[in-house]
Amino acid sequence: MNSIEPVDPQADFPHDFVWGVATSAFQIEGAAAEDGKGPSIWDSFCRRPGVIVDASNGDIACDHYHRWSADLDMIADLGVNAYRFSVSWPRVRPGGSGAWNEKGLAFYERLVDGLLARGIKPFLTLNHWDLPDELQMAGGWAHRDTVHRFVEYAEGINARLGDRLVSIATHNEPWVMAVLGHESGVFAPGVQVRRLAVQASHHLLLSHGMALQALRAQGCSAQLGLVLNLSPMHPATDSADDQAKARLEDGRLVRWYMDPLFRASYPQDVLDDLGSDVPRIKPGDMQLIATPMDFLGVNYYSRSVVSAAEPWDAQARGHEVSDMGWEVYPQGLTELLVRLHQDYPVPVLYITENGGAFKDALEAGQVHDPQRVSYLRRHIAAVAQAMRQGVRMGGYMVWSLMDNFEWASGYGKRFGIVHVDYETQRRTLKDSAHWYRDFLQRQKARAGR
Ligand code: FCB
């Protein structure tokens with residue numbers, strides 16, 4: 001069915017390639033109001049009736065805040081050499097400005113030191129969506145002051161942990177925070193005003209560039225970058241309407257972020273389409289946004305197919321889909337990476353998230369998840385394919401280490417290679433975790449030869 005399937009992914013990866021697993025704070029930590037943590041916009045959003053499918057929240061999640069040490073042992077046991085995690089901003093600075101919370105900082109210090117003690121590279125993300133609620137009340141990402149609060153937050157984390165980090169990403173998926181958070185409103189903070197979504201995206205990008213400059217001024221030794229969610233945007237048919245729509249959607253998802261980061265300008269076709277919703281930009285903003293990065297993180301799950309007539313339903317058309325309804329389309333990852341490499345002067349690329357939700361069953365202490373194994377194997381092969389075409393890749397991280405709170409989908413969608421029983425908090429390695437461990441062992445054996 002898929003041309004990438006027969007390729008041996010093992011063949012192409014250099015010995016210093018980074019192999020990891022990824023999580024984010026809100027999705028796993030729990031301890032939502034413990035040890036001085038302030039509320040985030042996701043804590044508040046979850047309390048609105050009807051927005052989370054199973055009416056759940058992040059109060060307990062995977063209880064990682066208490067189980068971090070055993071979780072790090074589990075990560076080490078997988079044989080990965082990197083772990084991507086995020087810091088909860090309201091855990092370390094509860095109101096987003098003002099006093100810092102020593103207990104929160106100490107938690108992340110234990111986590112980072114625990115990773116280093118186990119020989120695992122810490123890849124830290126500063127903002128994986130859980131903005132302090134107090135900053136939202138002051139206007140959130142649509143308000144320019146939040147940019148300055150973010151820079152202070154980045155400096156505080158760097159002052160405390162920077163010397164021990166391999167990598168710092170400023171934001172995870174600004175498109176999601178801007179569009180799902182402020183335009184469709186299906187994610188926190190649940191705003192539905194396009195003008196604010198556009199302004200929020202500009203402030204996210206600006207805060208990224210300003211944070212990079214501030215961290216470099218502090219002498220930060222970690223690699224600095226940003227994580228985007230990107231997909232190839234395919235027209236459903238050859239019709240002029242579908243092609244025009246696909247081009248505009250590509251502008252909104254890909255070029256709206258890549259152009260300012262690498263060319264210091266927003267794409268003209270998207271600006272034209274926005275009309276009076278264009279962002280307010282101050283002199284110098286675009287140059288700050290285009291501050292050179294050390295790496296770019298790419299989160300890839302699926303391609304997008306765009307039809308001017310009706311929403312395109314992959315499953316109804318008989319395509320392979322995950323439990324999210326997202327089409328499984330590994331060749332789209334090769335296509336995307338090659339395109340980024342050709343169209344922009346990109347630094348080294350990392351796949352910072354890739355994985356799938358599938359309906360898993362825990363039976364007799366085992367989870368057989370052949371679809372996830374196949375998904376991961378084909379996408380790793382797609383990365384190898386891109387590298388053969390000249391794309392410079394630094395690493396690959398599976399989303400996710402373990403089942404967790406999948407935002408508006410609650411706990412029903414399981415992305416982990418480790419199963420979590422939410423009643424007992426028991427962790428069970430799925431077949432995909434065993435597969436990944438075996439794959440990494442073979443990888444190490446090859447490097448040792
Ligand atoms: C990405 C998010 C991540 C996770 C995956 C499935 O958009 O960054 O937190 O929810 O999707």
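One structure accompanies this document, and this report is about it. Every residue gets a number counted from 1 within its own chain, in the order that chain's sequence is written. Per-residue local features are limited, in this predicted model, to residues with pLDDT of at least 70; the limit for side-chain atom pairs, both in listing and counting, is 80 or more; totals at the level of whole chains, interfaces and linings are taken over all residues. Excluding hydrogens and water, the side-chain values take into account all heavy atoms of the structure.

Let's shift gears to the overall build of the protein. Comment: elements are numbered from the N terminus, with helices defined as DSSP H or I runs of at least four residues and strands as E runs of at least two. Scanning the protein from terminus to terminus reveals 15 helices and 14 strands. For a compact globule the rule gives 2.2 Å times the number of residues to the power 0.38, and the radius of gyration it is set against comes from C-alpha atoms. Its C-alpha radius of gyration of 21 Å places the protein within 12% of the 22 Å reference for a compact globule of 449 residues. Taking the principal axes of its C-alpha atoms as reference, the protein extends roughly 60 × 55 × 45 Å. Counting the 449 residues in the protein, one finds 61% classified as buried. Element-wise, carbon and sulfur atoms account for 51% of the exposed surface of the protein, whose accessible area totals about 16800 Å². Counting rule for charge: Lys and Arg are taken as positive, Asp and Glu as negative, and neither His nor the chain ends is counted. Each charge is placed at NZ for Lys, CZ for Arg, CG for Asp and CD for Glu. Distance from the positive charge centre (44 side chains) to the negative charge centre (55 side chains) of the protein: 3 Å. Only protein chains enter the accessibility calculation, which uses a 1.4 Å probe; a residue is then buried when its area is under 20% of its type maximum, exposed when over 50%, and partly exposed in between. The protein chains shown are the only cover counted for residues, whose accessible areas, like all others here, come from Shrake-Rupley with a 1.4 Å probe.

Think of a salt bridge as a Lys or Arg side-chain nitrogen and an Asp or Glu carboxyl oxygen that are within 4 Å of each other. Per the counting criterion, the structure on display carries 36 salt bridges. We note a salt bridge from Asp113 to Arg164, for which the minimum N-O separation is 3.0 Å. Taken together, the positions of Asp113 in helix α5 (residues 102-117) and Arg164 in the loop between α7 (145-161) and β4 (167-172) put the pair 51 residues apart, joining distant regions of the chain. Taking relative accessible area as the criterion, Asp113 reaches 34% and is therefore assigned partly exposed. Among the ionic contacts, a cluster of salt bridges with common partners joins Glu102, Glu109, Asp113, Arg160, Asp163 and Arg164.

Once that is clear, we can look at the site of the ligand. Here a residue is near a molecule or strand as soon as one of its heavy atoms is found within 4 Å of it. Contacts to the ligand come from Gln27, His128, Trp129, Asn172, Glu173, Asn299, Tyr301, Glu353, Trp399, Glu406, Trp407 and Phe415. In protein, a polar contact means a hydrogen-donor-capable atom and an acceptor-capable atom, both N or O and within 3.5 Å, with residues adjacent in sequence counting only if both atoms are side-chain atoms; elsewhere, any N or O pair within 3.5 Å suffices. In this structure, Gln27 approaches the ligand through a side-chain N or O atom, which is 2.8 Å from an oxygen atom. Between the ligand and Trp407 there is a distance of 2.9 Å, counted from an oxygen atom to a side-chain nitrogen or oxygen. Considered on its own, the ligand offers 290 Å² of accessible surface; in the complex 94% of this is hidden by protein.

The next subject is the packing of helix α10 (residues 240-263) against helix α13 (residues 331-343). Here, axes are lines fitted to C-alpha atoms. For helices the fit covers the stretch in contact, and angles between N-to-C directions go from 0 to 180 degrees. Interhelical geometry of α10 versus α13 gives an angle of 40° and a closest axis separation of 12 Å. Between α10 and α13, the angle falls in the class oblique. You can see that α10 and α13 cross each other, and the crossing is right-handed. Contacts from Asp250, Val254, Arg255, Met258 and Arg263 of α10 reach α13 at Arg339, Leu340 and Asp343. Here the word oblique covers every angle except those under 35 degrees (roughly parallel), over 145 (roughly antiparallel) and from 65 to 115 (roughly perpendicular). For any helix crossing, the convention is left-handed if the near helix is rotated counterclockwise from the far helix by under a right angle, and right-handed if that rotation is clockwise. In this description, contact between two residues means that some pair of their heavy atoms is separated by no more than 4.5 Å.

Ring geometry is summarised as follows: Phe, Tyr and Trp rings, the Trp one being its six-membered ring, pair when their centres sit within 6.5 Å, and such pairs are stacked at plane angles under 30 degrees, edge-to-face over 60 and tilted between the two. This structure, assessed with the given rule, holds 35 aromatic pairs. Ring centres of Phe13 and Phe17 lie 4.7 Å apart, and the angle between their planes is 50°; this geometry places the pair in the tilted category. The pair Phe13 / Phe17 is uniform in exposure class, with both members buried. Ring centres 5.6 Å apart and planes at 75° place the aromatic pair Phe26 and Phe405 in the edge-to-face group. Note that Phe26 is positioned in helix α1 (residues 25-28) and Phe405 in the loop between β12 (393-399) and β13 (418-421), a separation of 379 residues in sequence.

Think of a nonpolar core as a cluster: buried Ala, Val, Leu, Ile, Met, Phe, Trp, Tyr and Cys residues, connected wherever their side-chain atoms sit within 4.5 Å. Judged by nonpolar contacts, the single largest core of 145 residues is most densely connected at Val21, Trp42, Met258, Tyr396 and Tyr436. Here this core takes 10 residues from helix α9 (residues 194-217), the largest share from any one element. When sequence neighbours within four positions are dropped, the list of residues in contact with Met258 reads Leu228, Leu230, Arg263, Leu296, Leu340, Tyr344 and Val346.

This brings us to the environment of Met286. Here Met286 lies in helix α12 (residues 285-289). Those residues in contact with Met286, other than ones at most four positions away along the chain, are His202, Pro260, Ala264, Ser265, Tyr266 and Ile281.

On to α10, then. What a helix is expected to span follows from its residue count: subtract one and scale by 1.5 Å. Taking 1.5 Å as the rise per residue, α10 with 24 residues should run 34 Å; its terminal C-alpha atoms sit only 28 Å apart, a clear shortfall. The bend at a residue is defined as the angle formed between two axes, one fitted to the seven residues ending at that residue and one fitted to the seven starting there. When the local axis directions of α10 are compared, the greatest deviation, roughly 50°, occurs at Arg255. Backbone geometry just after α10 places Ala264 at a positive phi near 60°.

Only strands joined by at least two bridges in the DSSP assignment are considered to pair. One closed barrel holds the eight strands; their spatial order is β1-β2-β3-β4-β5-β7-β9-β12, and the pairing between them is parallel. Geometrically, the sheet is characterised by an average inter-axis angle of 25° between neighbouring strands, direction not taken into account. Direction of pairing for strand β1 (residues 18-22) relative to strand β2 (residues 82-86): parallel, over a ladder of three bridges. Each residue of the ladder has a partner; that of Val21, found in β2, is Tyr83.

Attention shifts here to the packing of helix α8 (residues 174-182) against α10. Packed helix pairs are specified by the crossing angle of their axes together with the interaxial distance, meaning the distance between the axes. Closest axis-to-axis distance for the α8/α10 pair is 11 Å, and the angle between their directions is 130°. Considering their axes alone, α8 and α10 lie oblique with respect to each other. The interaxial crossing formed by α8 with α10 has right-handed handedness. When α8 is examined against α10, the residues Pro174, Trp175 and Ala178 are found in contact with a partner set consisting of Arg252, Leu253 and Tyr257. Amino acid classes used here: Ala, Val, Leu, Ile, Met, Phe, Trp, Tyr, Cys and Pro are nonpolar; Asp, Glu, Lys and Arg are charged; the rest, including Gly, are polar. Looking at the contact of α8 with α10, its residues break down into five nonpolar, no polar and one charged.

Size it by volume and the second largest pocket reaches roughly 180 Å³. Around the second largest pocket, the lining is made up of 14 residues, and of these His15, Phe17, Trp19, Asn81 and Lys444 lie nearest the centre. Sorting the residues of the lining of the second largest pocket by element identifies β1 and α15 (431-448) as the ones contributing at least two each. Ranked by residue count, the leading element in the lining of the second largest pocket is α15, at four residues. Only protein atoms enter the 1 Å grid used here. Points where a 1.4 Å probe fits but cannot escape make up a cavity, open sets with protein on both sides within 12 Å along at least five of seven lines make up a pocket, and a residue lines them when an atom lies within 4 Å of a point. Grid points are joined across faces, edges and corners, and a volume is the space filled by probe spheres set on the points.

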